[in-house]
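Topology and contacts: notes
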2 protein chains.
Amino acid sequence: MERTYDYDFIVTAADCNAQRELSISTLATYIIDTATGHANELGVGFDRMISMGISWVLSRVSVELSRPARVGRRYRLRTWVASLNRLFSERNFVLIDLDDNEPTGYARTIWMAINMETRTPGDLSSLQPLAEAITDLPCPIAPQGKIAMPELGDDAKEYTFAVSDIDVNRHVTTRRYCDLITDCWPLEMYEKNHVKRFDIAFKHEAHYGETARYGSMAEPGEGIYAARIDSGDHLCTLARLVFTPR
Amino acid sequence: MERTYDYDFIVTAADCNAQRELSISTLATYIIDTATGHANELGVGFDRMISMGISWVLSRVSVELSRPARVGRRYRLRTWVASLNRLFSERNFVLIDLDDNEPTGYARTIWMAINMETRTPGDLSSLQPLAEAITDLPCPIAPQGKIAMPELGDDAKEYTFAVSDIDVNRHVTTRRYCDLITDCWPLEMYEKNHVKRFDIAFKHEAHYGETARYGSMAEPGEGIYAARIDSGDHLCTLARLVFTPR
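Residues numbered from 1 in each chain as written. Chains lettered and ligands numbered in written order. Predicted model: local features only at pLDDT ≥ 70, side-chain atom pairs only at ≥ 80, totals over all residues. Heavy atoms only, no water.

Contacts between the two partners involve 31 residues from chain A, matched on the other side by 31 residues from chain B. With both chains or domains summed, chain A and chain B bury close to 2700 Å², and 56% of this area falls on carbon and sulfur atoms. Of the charged contacts, one joins D47 of chain A and R20 of chain B as a salt bridge, the two residues approaching to 3.6 Å between their closest N and O atoms. At the surface where chain A touches chain B, the tally comes to ten residue pairs in polar contact (both at pLDDT 80 or more). Mapped onto the side of chain A that touches chain B, the elements with two or more residues apiece are helix 1 (24–42), helix 4 (174–182) and helix 5 (187–192) of chain A. Classifying every residue of the side of chain A that touches chain B by side-chain character gives 14 nonpolar, five polar and twelve charged. (Contact = heavy atoms within 4.5 Å. Buried area = accessible area lost by both parts, 1.4 Å probe. Salt bridge = Lys/Arg side-chain N within 4 Å of Asp/Glu carboxyl O. Polar contact = N/O pair within 3.5 Å; in protein donor to acceptor, adjacent residues only side chain to side chain. Helix = DSSP H or I, 4+ residues; strand = E, 2+ residues; numbered from the N terminus. Nonpolar A, V, L, I, M, F, W, Y, C, P; charged D, E, K, R; others polar.)

It is worth spelling out the packing of aromatic side chains at this point. All names here are of chain A. Within this structure, the stated rule accounts for 23 aromatic pairs over all chains. Centre to centre, the rings of W185 and F243 are 5.3 Å apart; their planes meet at 65°, and the pair counts as edge-to-face. Taken together, the residues W185 in the loop between helix 4 and helix 5 and F243 in strand 10 (residues 234–245) connect sequence positions 58 residues apart. Every member of this aromatic cluster is reached through a ring pair, and the members are Y7, F9, Y30 and Y75. Here the basic side chain of R176 rests over the ring of Y159, its NZ or CZ set 4.3 Å away from the ring centre. (Phe/Tyr/Trp six-rings, centres within 6.5 Å; stacked < 30°, edge-to-face > 60°. Lys NZ or Arg CZ within 6 Å of the ring centre and 35° of its normal.)

Residues and elements named next belong to chain A. Pairing is antiparallel across the open sheet formed by ten strands, whose spatial order is 1-3-4-5-2-7-10-9-8-6. One side of each edge strand has no neighbouring strand; the edge strands of this open sheet are strand 1 (4–10) and strand 6 (157–160). Each strand axis lies, on average, 25° off the axis of its neighbour in the sheet, ignoring direction. Where strand 7 (residues 193–202) meets strand 10, nine bridges bridge the pair, whose relative direction is antiparallel. (Pairing = 2+ DSSP bridges. Axes fitted to C-alpha atoms, helices over the stretch in contact; angles between N-to-C directions.)

Below, the structure written as structure tokens:
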């Protein structure tokens, strides 16, 4: 049983952003792929959980990058299980630049398991393979703090979730949430700054056909912003981004 | 010099669609990644071309699948250069299911090179590495035919291109064009049918901040539809999809 799991990738031209860097959406998708790969190896992957009537749900993700991941470069996402209690499992990551084998960022994720019938949290502490995999490796970034909630006025942006935004179970993909968050700021913001840290809290699922309302606000401190997505009468997602001048 | 180039991938849970299959958008992105990989190996990749003042542009893509690519399965996209003339290069693909090593689909693509200053087609026939790579391998699907043009009425869907839709040069990504095409039909269409064949013709680039109008119509024949995207006063994209009942 391996306590760490690696996912190697190259930032391709077709899947990078206007600054020739890995986007928040693609990095978040790779983080989920890496977590899924390790969970599958440990015998607690999605299919296994669903056969027990429970589904993994990503509750929070926080990523801090010392420098952006650049097109054409090779990277490794290495993950491990950091903790486990009845309600939550913490899974952490290091992003390694494979050209110099140096860490270029870290990520923290929090996962819950939802009982698919009752829609209440499932008991994680009985998942023995997960408990046995717990490892204490360095993840020198702060855990996610409380994220401020922007107001959404009449001028809030709107987007209606369509087929391309949906994964299994008619839920909106993490990629789409991340795209809406990214789209809160104009292109010039990203040309002048890179995103040093992002925190996303997934509060409530959004569904196919719902119309989301989303927007952002500046927070105290240089380059710090909060973003919010509402959908179907629920607060759906909160995010906090730290922009650093290039 | 290798006349074929392989790109292996797994259809991951985080990046498949509501039917647990590889989406048109992701398959098109992988096709571009594979083409890019081979072009780089041959010494005619994006960076090399840009240093000569020309940029590769995907003009057409056609994909035909005997069955959809499914979540959790491993696949190989194998590509080769099929032909080259002054204006166009044809690059073809086979999609191989790595669990049984059988072809599960084929693709045909047409590429042009645009002179970045004059915005006119560049002369491809002088690209010796490309000429030397030409290979005659089977690609038993029909080339792209003429695609019918749907009318876009006042009720056409609209979408304004934002940061998450943009790649280098402020162009809209192929992924986003494919998402808009996919979104022309409701989820029920994909639950009842799979896409057996899709043809996309990229007519004119769309840009950050433009508002696209898009829609579809049924064509003669069972399950055949055409889709259209207009942006910035131009016909941007035409597509033809063949839906087959599951």
